[in-house]
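Working through the structure, step by step
The residues making up each chain are set out below.
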Amino acid sequence: ETILITPPAGSMSAKKLLLIGLGDRNKFTPDLMTSVGEVAAREAMRLGVTNFAFASDLKDAGIDSPTALVAGNVVRGIVHANRSENYLKEHKLSTTKKLEKVYLLAGPAFFETAGGGISDAISEVKKK
């Protein structure tokens, strides 16, 4: 499930906050994060957003997950959604704005590991 929150002006720097539920924590798999990245990107484009930040708080929520794979799968989902949307635009089936930047946030303890997963995913999707 997802919920879009529009916080009161000045309460946070983001104008909107999209929360994406992951379901039963005991059934979590890193593959789920591909779909989560895709949902985040599609919603951003649907809302006319050109830049967005993505933070996965899995570790903060106590879910022991492979950081590099999770970060990479988020990137894979975002790229897939963006490519699909570009295809639709080329065929005049969509009028969403182009994504300019996506910021993937990771805490200091996981910065290097997440960065490695992100780099691997970018290298992989460039080949396709």
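Residues numbered from 1 in each chain as written. Predicted model: local features only at pLDDT ≥ 70, side-chain atom pairs only at ≥ 80, totals over all residues. Heavy atoms only, no water.

So, about the pattern of salt bridges. Applying the stated criterion to the full structure yields 3 salt bridges. The partner of Arg46 in a salt bridge is Glu43, with the nearest N and O atoms 2.7 Å apart. With Arg46 and Glu43 both in helix α1 (residues 32–46) and 3 residues apart, this pair spans about one turn of that helix. Judged by relative accessible area, which is 53%, Arg46 ranks as exposed. Glu124 is paired through a salt bridge with Arg76; the nearest N and O atoms lie 3.0 Å apart. Linking Glu124 in helix α3 (residues 111–127) with Arg76 in helix α2 (residues 67–90), this pair joins segments that are 48 residues apart in sequence. (Salt bridge = Lys/Arg side-chain N within 4 Å of Asp/Glu carboxyl O. Helix = DSSP H or I, 4+ residues; strand = E, 2+ residues; numbered from the N terminus. Buried < 20%, exposed > 50% of the residue type's maximum accessible area, 1.4 Å probe, protein only.)

What follows covers α2. For α2, which comprises 24 residues, the first-to-last C-alpha distance of 35 Å matches the rise-based estimate of 34 Å (1.5 Å per residue) to within 8%. Within the span of α2, buried status applies to Thr67, Val70, Ala71, Gly72, Asn73, Val74, Val75, Gly77, Ile78, Ala81 and Glu85. In the core, the buried residues of α2 are packed alongside α1, β3 (51–55), β4 (101–105) and α3. Just past α2, the residue Lys92 takes up positive phi, approximately 55°. (Expected span 1.5 Å × (residues − 1). Contact = heavy atoms within 4.5 Å.)

Within the fold, Leu105 resides in strand β4. The sequence separation of Leu105 and Ala55 amounts to 50 residues, and the corresponding C-alpha distance is 4.9 Å. What Leu105 contacts, discounting residues up to four positions off in sequence, is Ala53, Phe54 and Ala55.

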